[in-house]
Amino acid sequence: MTQRPLAGVIGGSGLYDMEALEDAREVTMDTPFGPPSDAFVLGRIGDTPVAFLARHGRGHRLLPSEVNYRANIHAMKQLGVRYLISVSAVGSLAPDRAPLDLVLPDQFIDLTKRRETSFFGDGVVAHVSMAQPVCHAVREVLASAIAATPGAQERQLHRQGTYVCIEGPHFSSLAESRWYQAMGGHIIGMTNMPEAKLALEAQIAYASLAMITDYDCWHPHEENVSADLALRNLLSNAALAQQVVARAVAMLGSERPASHAFDALRTALVTPRERMPAHRLAALEPLLSDKEHAS
Ligand SMILES: CSC[C@H]1O[C@H](OP(=O)(O)O)[C@H](O)[C@@H]1O
Ligand SMILES: Nc1ncnc2[nH]cnc12
């Protein structure tokens, strides 16, 4: 019998497959929130069953605003994923964070404007705390995987950082970039929100591996960001991500750390189950019934 995937990986720009996956097979997932970005690729890394999804679809066909984040996370949950690693290209907003540096964001500022940010509503109310938007245990595993990966060890690792998430698809104006710096942002991207919010609603332990490709447009001497510049740095970042993520997944499989995410709904759900509309209960069932995974 095939095991349910313990770990999920969402590959961002430049990361459209997972080379380390063994016994790989494609599965098309359906969700009450519509279709995910692409077919999932299920397989294993060592003994750890894994589900991989290309965030923008293979061939990079979806804008950040077009990604169906709810479907992606719901499908991960349906598959049984407990730990989710998200890989992302980001710009730097800070002088001490350079292209090719690695960042494990611990905070986010959500400036997105036209995305569905919650599974709840329409008869079911929940208010999930975003005080700790990511799982520290998964971040620690990523840090250990980076420390153990030749090629990644030489990169500067920033173990914390605030990720400003913009709607895109345009890169920022200079005034915006300076405003994001003044807000306290360290890095900037277009995809980790609402992905991290939805993962927490789904009680999945989520962490993001952010790989810097550019200095956005605030730097007095460095080239302003363009897709071309980002893609150039993405190539070497993606090759490294393959190795770091494979190692992190294997570590998650053997360590299976506890996470605050596993009971994120315990204090968040307001509507009693018996008052939830039947069709909403059906849609949310994979999120609400976590008996199999109780921490
Ligand atoms: C091609 S550079 C801009 C693009 O890259 C980032 O995406 P992801 O987080 O999926 O790696 C950024 O958010 C933009 O979508
Ligand atoms: N400067 C930037 N702004 C937004 N998203 C990005 N992804 C990579 N670089 C970026």
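Below is a summary of the structure that appears in this document.

Procedures and definitions
Residues numbered from 1 in each chain as written. Chains lettered and ligands numbered in written order. Predicted model: local features only at pLDDT ≥ 70, side-chain atom pairs only at ≥ 80, totals over all residues. Heavy atoms only, no water. Core = buried A, V, L, I, M, F, W, Y, C linked by side-chain atoms within 4.5 Å. Buried < 20%, exposed > 50% of the residue type's maximum accessible area, 1.4 Å probe, protein only. Helix = DSSP H or I, 4+ residues; strand = E, 2+ residues; numbered from the N terminus. Contact = heavy atoms within 4.5 Å. Near = heavy atom within 4 Å. Polar contact = N/O pair within 3.5 Å; in protein donor to acceptor, adjacent residues only side chain to side chain. Areas by Shrake-Rupley, 256 points an atom, 1.4 Å probe, with all protein chains shown as cover.

**Focus: the nonpolar core**
Across soluble globular proteins, nonpolar side chains show a tendency to be buried alongside one another. Phe-40, Ile-73, Met-76, Ile-85 and Phe-119 are the most contacted members of the largest nonpolar core, which totals 87 residues. The biggest single contributor to this core is helix α5 (residues 227-255), with ten residues. If sequence neighbours within four positions are ignored, Ile-73 has contacts with Ile-10, Leu-84, Phe-119, Glu-195, Leu-198, Ala-199, Ala-202 and Ile-204. Within the second largest apolar cluster, eight residues are counted, among which are Leu-93, Val-164, Tyr-180 and Trp-218.

**Description of the site of ligand 1**
For ligand 1, the full set of nearby residues is Gly-12, Ser-13, Arg-55, His-56, Pro-64, Ser-88, Ala-89, Gly-189, Met-190, Thr-191 and Ala-230. Between ligand 1 and Arg-55, the relevant distance is 2.8 Å, taken from an oxygen atom to a side-chain nitrogen or oxygen of the residue. In this structure, Ser-88 approaches ligand 1 through a side-chain N or O atom, which is 2.8 Å from an oxygen atom. Contact with the protein chains removes 91% of the 390 Å² of surface that ligand 1 exposes when unbound.

**Structural notes on the side chain of Glu-167**
Along the chain, the position of Glu-167 falls in the loop between β9 (162-165) and α3 (174-183). Glu-167 sits in the buried class, given a relative accessible area of 7%. There is a polar contact of 2.6 Å between the side chain of Glu-167 and the side chain of Ser-65.

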